[in-house]
Amino acid sequence: MAPVPLKTVVVVPTYNERDNLPVLAGLLAELPVPNLRLLVVDDDSPDGTGEVADKLAADSPDTVGVLHRVTKDGLGRAYVAGMTRALDEGADVVVQMDADLSHPPSAIPAMLDTLRTGNAAAVIGSRYVAGGSTAPDWPRSRRALSAWANVYVNTILRLRLKDATAGFKAWRAETLRAIDLDSVRSNGYAFQFEMNHRAVRRGFTLLEVPIRFEERDRGTSKMDLGVQLESALAPWKLCFGGRP
C-alpha cells in the first residue's frame with residue numbers, strides 16, 4: 001500500500017487582496033502536490049477579500065478554507081492564527097506565503113522535496129542564494145531596504161541565512177510546535193526573523209532554495225513606517241531575550 005501523502009497547508013494572510021487571491025488559489029490548485037490545502041486568513045478586508053475567499057471555499061471545500069479575523073492587527077498575528085488552525089487540523093507541513101503573487105507557487109514542490117530529503121526543520125524560499133533573484137521592476141528603494149535589513153538582522157541575531165527576512169517558508173509541523181507559536185509576539189515583518197531566530201536558537205537546521213521574487217501587480221504594499229520601526233527594534237529585543 002502506498003504511503004498517505006503528507007498533509008500540506010498553505011497559510012496566506014490577506015488584507016485587501018480580492019484581485020490577487022483567486023489567481024493565487026488557481027496557481028496552487030495546479031501544483032503537482034497531493035493533499036495540498038489553502039487556508040486564507042482574512043483580517044476583515046474592506047474590499048471584500050473575505051467574501052471572495054468564502055466563494056473559493058464553497059466551490060472547493062476540500063482544498064480551500066477560510067479563517068476570518070475581526071480586526072487587522074498585524075501580519076504576525078495573522079500567521080500565528082493561521083498556523084495554529086493548520087496544526088489543529090492535522091497539517092504535517094505548513095507553508096507560509098504572501099497573497100500578492102510576489103512568491104512563486106511553482107517553487108513549493110522544490111521546497112517540499114528539500115524539506116523531506118534535506119533533514120531540515122524548515123525551508124526558505126530565498127531571493128539571495130545562488131539562482132535566486134528579484135524582479136527588475138522591484139523599486140530600487142525597496143531593493144536597498146531589503147538588502148540592508150538582511151545584513152542588519154543577520155549581524156545582530158547571527159542567523160547565517162542568505163535571506164533572513166524572507167516570508168516564503170515551509171515548516172515541519174513539529175518545528176512549529178517546538179518553537180511555541182503561542183508566545184510569538186511580532187506583528188509586522190519582524191515575525192519572519194523572530195521565527196527564524198527561535199528555530200536557530202533551538203538548534204534546528206533551516207535550508208534555502210532559490211526563488212524569483214516578483215513585484216506585485218495589483219493592490220498596495222503593507223510596508224509602512226510603523227512596520228519598519230518594529231522591524232528595526234525587534235532584533236535587539238530578541239538578542240537580549242525580550243519579545244518584540
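Residues numbered from 1 in each chain as written. Predicted model: local features only at pLDDT ≥ 70, side-chain atom pairs only at ≥ 80, totals over all residues. Heavy atoms only, no water.

Asker: Please explain the overall build of the chain as it appears in this structure.
Answerer: A count of helical and extended segments in the chain gives eight helices and nine strands. A burial count over the chain gives 51% of its 244 residues as buried. Intrachain contacts of the chain at a sequence separation of at least 6 include 79% that bridge at least 24 residues. With an accessible surface of roughly 11,400 Å², the chain has 54% of that area assigned to carbon and sulfur atoms. (Helix = DSSP H or I, 4+ residues; strand = E, 2+ residues; numbered from the N terminus. Buried < 20%, exposed > 50% of the residue type's maximum accessible area, 1.4 Å probe, protein only. Contact = heavy atoms within 4.5 Å. Areas by Shrake-Rupley, 256 points an atom, 1.4 Å probe, with all protein chains shown as cover.)

Asker: Sorry, what's going on with the pattern of salt bridges here?
Answerer: For side chains bearing opposite charge, pairing can occur when the charged atoms are close. All chains considered together, the criterion is met by eight salt bridges. Salt-bridge contacts for Glu 89 lead to Arg 37; the nearest nitrogen and oxygen are separated by 3.9 Å. Note that Glu 89 is positioned in the loop between α3 (75-88) and β4 (93-96) and Arg 37 in strand β2 (residues 36-42), a separation of 52 residues in sequence. Relative accessible area serves as the criterion here: at 32%, Glu 89 is assigned to the partly exposed category. For Arg 37, a relative accessible area of 17% puts it in the buried group. One salt-bridge network, in which partners are shared between bridges, spans Asp 43, Arg 69 and Asp 73. (Salt bridge = Lys/Arg side-chain N within 4 Å of Asp/Glu carboxyl O.)

Asker: Looking at this structure, how should I read the environment of Pro 105?
Answerer: Counting through the fold element by element, Pro 105 comes out in the loop between β4 and α4 (108-117). With a relative accessible area of 8%, Pro 105 lands in the buried category. Residues Pro 105 and Ala 29, 76 residues apart in the sequence, show an inter-C-alpha distance of 9.8 Å. Once residues within four sequence positions are removed from consideration, Pro 105 is found in contact with Leu 24, Leu 27, Leu 28, Leu 31 and Met 97.

Asker: Can you help me understand the nonpolar core in this one?
Answerer: As a rule of thumb, soluble globular proteins bury nonpolar side chains together. The biggest cluster of nonpolar side chains holds 36 residues, and the ones touching the most others in it are Val 11, Met 83, Val 94, Trp 171, Leu 176 and Met 195. Where this core is concerned, the elements lending two or more residues are β1 (8-14), β2, α3, β5 (122-126), α5 (140-157), α6 (173-178) and α7 (190-201). At six residues, α3 tops the list of elements feeding residues into this core. (Core = buried A, V, L, I, M, F, W, Y, C linked by side-chain atoms within 4.5 Å.)

Asker: Can you walk me through the packing of helix α1 (residues 20-29) against helix α2 (residues 49-59) in this structure?
Answerer: Helix-helix packing is described using two parameters, namely the angle between the two axes and the distance between the axes. Viewed as axis vectors pointing N to C, α1 and α2 meet at an angle of 30°, and their least axial separation amounts to 9 Å. Put simply, α1 runs roughly parallel to α2. Relative to α2, α1 is oriented so that their crossing is right-handed. Between α1, through Leu 21, Pro 22 and Ala 25, and α2, the contact on the second element is made entirely by Thr 49, Val 52, Ala 53 and Leu 56. Looking at the contact of α1 with α2 residue by residue, the classes come out as six nonpolar, one polar and no charged. (Axes fitted to C-alpha atoms, helices over the stretch in contact; angles between N-to-C directions. Parallel < 35°, antiparallel > 145°, perpendicular 65-115°, else oblique. Left-handed = near helix turned anticlockwise from the far one by under 90°. Nonpolar A, V, L, I, M, F, W, Y, C, P; charged D, E, K, R; others polar.)

Asker: Looking at this model, I keep getting lost on the sheet that holds β5. Mind explaining?
Answerer: Where strands meet in a sheet, backbone hydrogen bonds hold them as pairs that are either parallel or antiparallel. With mixed pairing, the seven strands of this open sheet are ordered in space as β3-β2-β1-β4-β7-β5-β8. Across the chains shown, the open sheet's two edge strands, defined by having one partner strand only, are β3 (64-68) and β8 (206-210). Going from strand to strand, the sheet's axes swing by 20° on average, the running direction of each strand aside. In this structure, β5 lies alongside strand β7 (residues 169-172), joined through three bridges in antiparallel fashion. (Pairing = 2+ DSSP bridges.)

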